[in-house]
Amino acid sequence: MTHHDHVRAQLHAIEALLRDHQLWQETAPQPDAFESTQPFCMDTLEPFEWLQWVLIPRMHALIEGGHPLPQNFAVAPYYEMALDAAHPSREEVLAALLALDTLFGDEA
């Protein structure tokens, strides 16, 4: 499998996890929510919304376009802070995001 294939597979795993835990939304946020200048659109989107509506589609677009993928990229640290410690899906989501982050580390 190519690096792009590994990233694609992990993105699909994250999507499946969000769907399994009923965290996947059927309706997109309002367009102005995407105009945020904050990292992760933290002032306009909930953390799971950002995953679904920003990260996953943008990464798929890079892969499908054959574009280079980011290097030294990590999202799990934000989610470690953003997700409430009592959230029932927290540990599974963090594990999936850490697996994605390892694909963008120095050794990837």
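All values derive from a computational prediction rather than experimental measurement.

Reading the values: rules and limits
- Residues numbered from 1 in each chain as written.
- Predicted model: local features only at pLDDT ≥ 70, side-chain atom pairs only at ≥ 80, totals over all residues.
- Heavy atoms only, no water.
- Core = buried A, V, L, I, M, F, W, Y, C linked by side-chain atoms within 4.5 Å.
- Buried < 20%, exposed > 50% of the residue type's maximum accessible area, 1.4 Å probe, protein only.
- Helix = DSSP H or I, 4+ residues; strand = E, 2+ residues; numbered from the N terminus.
- Contact = heavy atoms within 4.5 Å.

Visitor: Talk me through the nonpolar core; I want residue IDs and the actual numbers.
Guide: Val7, Trp50 and Tyr79 are the most contacted members of the largest nonpolar core, which totals 33 residues. Here the element with the most residues in this core is helix H2 (residues 47–64); it accounts for eight residues. Excluding residues that lie within four positions of it along the chain, Trp50 makes contacts with Phe40, Cys41, Leu45, Leu55, Val75 and Tyr79.

Visitor: Give a detailed account of unusual backbone geometry, specifying residues and quantitative values.
Guide: Phi is positive for Phe40, which is not a glycine, with a value near 60°. Structurally, Phe40 is set in the loop between helix H1 (3–20) and H2. Phi is positive for Cys41, close to 50°, though the residue is something other than glycine. For Cys41, the position within the fold is in the loop between H1 and H2.

Visitor: Outline the environment of Leu103, supporting the account with residue identities and numerical values.
Guide: Considering the arrangement of structural elements, one finds Leu103 in the segment after helix H4 (90–102). You can call Leu103 buried: its relative accessible area is 18%. Separated by 34 residues in the primary sequence, Leu103 and Leu69 place their C-alpha atoms 9.9 Å from one another.

Read these as layout, nothing more, since geometry by itself doesn't imply function.
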